[in-house]
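In case you want the letters, here they are:
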Amino acid sequence: MITVFGSINMDLIATTERLPKPGETVAGNSFATAAGGKGANQALAARRAGRYVHMAGAVGKDAFAEGALELLDAAGTDLSRVSHVEGPTGTALILVGGDGENMIAVIPGANGKVSGDNAEAAVNAMDQGDILMLQLEVPVEAVERALAASRARGITSILNLAPLIPDAPRLGRLADIVIANETEFERLAGQENMSAGDREAALERLHAQTGQTLIVTLGGDGVIAIRDGQISRAQGLVIEPVDTVGAGDTFCGYFAASLDEGLDFGSALRRAAVAGSLACLKPGAQPSIPLAAEVADRI
């Protein structure tokens with residue numbers, strides 16, 4: 001079973017021909033709202049991949065709360081560990097350019113009220129062998145206590161080092177499995193402007209120090225990882241991206257779901273990479289696409 005402890009947002013998404021420069025105004029093409037938040041996105045991805053998922057977090061008592069939970073509820077996600085607190089639900093303001101790249105500003109709202117006590121309560125409701133997935137859009141204390149509680153209870157913890165906050169390198173050392181993009185991994189390793197060779201050497205060095213499973217997503221170049229002393233790689237699909245919003249969360253959710261299903265590590269990486277690719281094919285797509293498992297198993 002998977003528990004995702006993290007953020008729940010309402011996303012406000014605008015598309016433009018290109019992203020504006022600082023101080024510049026550009027004309028937009030479309031606007032939409034969609035349920036989001038890295039925690040909720042990853043929970044939805046894992047649920048749509050076919051696993052039973054608990055979502056643990058908080059929404060506000062405002063007009064966005066119901067919409068922020070709508071997709072999770074429709075997918076059959078267990079929402080009994082989601083609190084309704086005073087104040088606004090978290091929001092994300094997203095600009096998507098014509099090349100699929102994006103700019104995002106996140107306002108924590110209720111996510112900022114998630115506490116260490118909430119974290120321990122969520123973990124204490126889990127069983128040994130379950131999977132706990134976390135990100136960094138809720139307070140540091142809550143993430144740290146969730147990681148400590150999961151280790152004490154024999155629960156596998158997966159930490160996605162996003163968004164990149166100052167405490168990310170320290171928190172990264174506390175998880176069983178760490179998922180990072182290239183920039184986040186450079187912060188974790190304490191080295192900038194890595195070449196492919198630098199990255200592989202850093203993976204081996206950190207893995208030797210901590211014994212952790214480390215996964216680095218590389219966008220169109222797929223993913224590289226190290227586990228039990230062995231370097232692994234997986235490639236997604238060759239596509240023309242429409243919108244990269246949610247691709248990383250799709251990867252994380254599908255990876256957790258694949259492990260929970262009992263797949264070997266290499267197969268889990270491959271399915272997750274394909275799912276992340278497929279999530280880029282539709283503007284503002286909510287992860288995930290169940291077809292990813294079938295596609296990944298054929299390549």
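Heads up: these notes are all about the structure in this document.

Definitions and limits used
Residues numbered from 1 in each chain as written. Predicted model: local features only at pLDDT ≥ 70, side-chain atom pairs only at ≥ 80, totals over all residues. Heavy atoms only, no water. Buried < 20%, exposed > 50% of the residue type's maximum accessible area, 1.4 Å probe, protein only. Helix = DSSP H or I, 4+ residues; strand = E, 2+ residues; numbered from the N terminus. Pairing = 2+ DSSP bridges. Axes fitted to C-alpha atoms, helices over the stretch in contact; angles between N-to-C directions. Contact = heavy atoms within 4.5 Å. Salt bridge = Lys/Arg side-chain N within 4 Å of Asp/Glu carboxyl O. Parallel < 35°, antiparallel > 145°, perpendicular 65-115°, else oblique. Left-handed = near helix turned anticlockwise from the far one by under 90°. Nonpolar A, V, L, I, M, F, W, Y, C, P; charged D, E, K, R; others polar.

## Brief notes about the pairing of strand S9 (residues 156–160)
Burial analysis of S9 places 4 of its 5 residues in the buried class, which makes it a mostly covered element. Bridge count between strand S8 (residues 131–134) and S9: 4 bridges; the pairing is parallel. Along S9, the bridge assignment pairs Met 133 with Ile 158. Here S9 pairs with strand S10 (residues 177–181) via 3 bridges, running parallel. From the neighbouring strand, Leu 159 faces S10, where its bridge partner is Val 178.

## Focus on the sheet that holds strand S6 (residues 90–96)
Spatially, S3-S2-S6-S7 is the arrangement adopted by the 4 strands of the open sheet, whose pairing is mixed. One side of each edge strand has no neighbouring strand; the edge strands of this open sheet are strand S3 (28–36) and strand S7 (102–107). Neighbouring strand axes in the sheet, compared pairwise and without regard to direction, differ in orientation by 15° on average. Pairing geometry for S6 and S7, over 6 bridges, is antiparallel. Residue pairing for S7: Val 96 is matched across the bridge by Asn 102. The strands touched by helix H2 (residues 64–75) within the sheet are strand S2 (9–16), S3 and S6, with S2 carrying the most contacts at an inclination of about 85°.

## Looking at the pattern of salt bridges
A side chain with one charge may pair with a side chain of the opposite charge, provided their charged atoms come close. Applying the stated criterion across every chain yields a total of 13 salt bridges. Two residues, Asp 167 and Arg 170, come together in a salt bridge whose shortest N-O distance is 3.2 Å. On the basis of relative accessibility, which here comes to 28%, the residue Asp 167 falls in the partly exposed class. In this structure, Glu 182 and Arg 199 form a salt bridge, with 3.3 Å as the shortest nitrogen-oxygen distance. Of the two residues, Glu 182 is situated in helix H6 (residues 182–189) and Arg 199 in helix H7 (residues 196–210); the sequence distance between them amounts to 17 residues. The exposure class of Glu 182 is partly exposed, given its relative accessible area of 36%. Several salt bridges share partner residues, and in doing so they unite Asp 117, Glu 120, Glu 141 and Arg 145 into one network.

## Things to note about the packing of helix H1 (residues 38–48) against H2
One can describe the packing of H1 onto H2 by two numbers: an axis separation of 10 Å at closest approach and a directional angle of 20°. It follows that H1 is roughly parallel to H2 by the angle criterion. Judged by the twist between their axes, the crossing of H1 over H2 is left-handed. For the pair H1 and H2, contact is made by Ala 40, Ala 43, Leu 44, Arg 47 and Arg 48 and by Leu 71, Leu 72 and Ala 75, respectively. Within the contact of H1 with H2, the residues separate by chemical class into 6 nonpolar, no polar and 2 charged.

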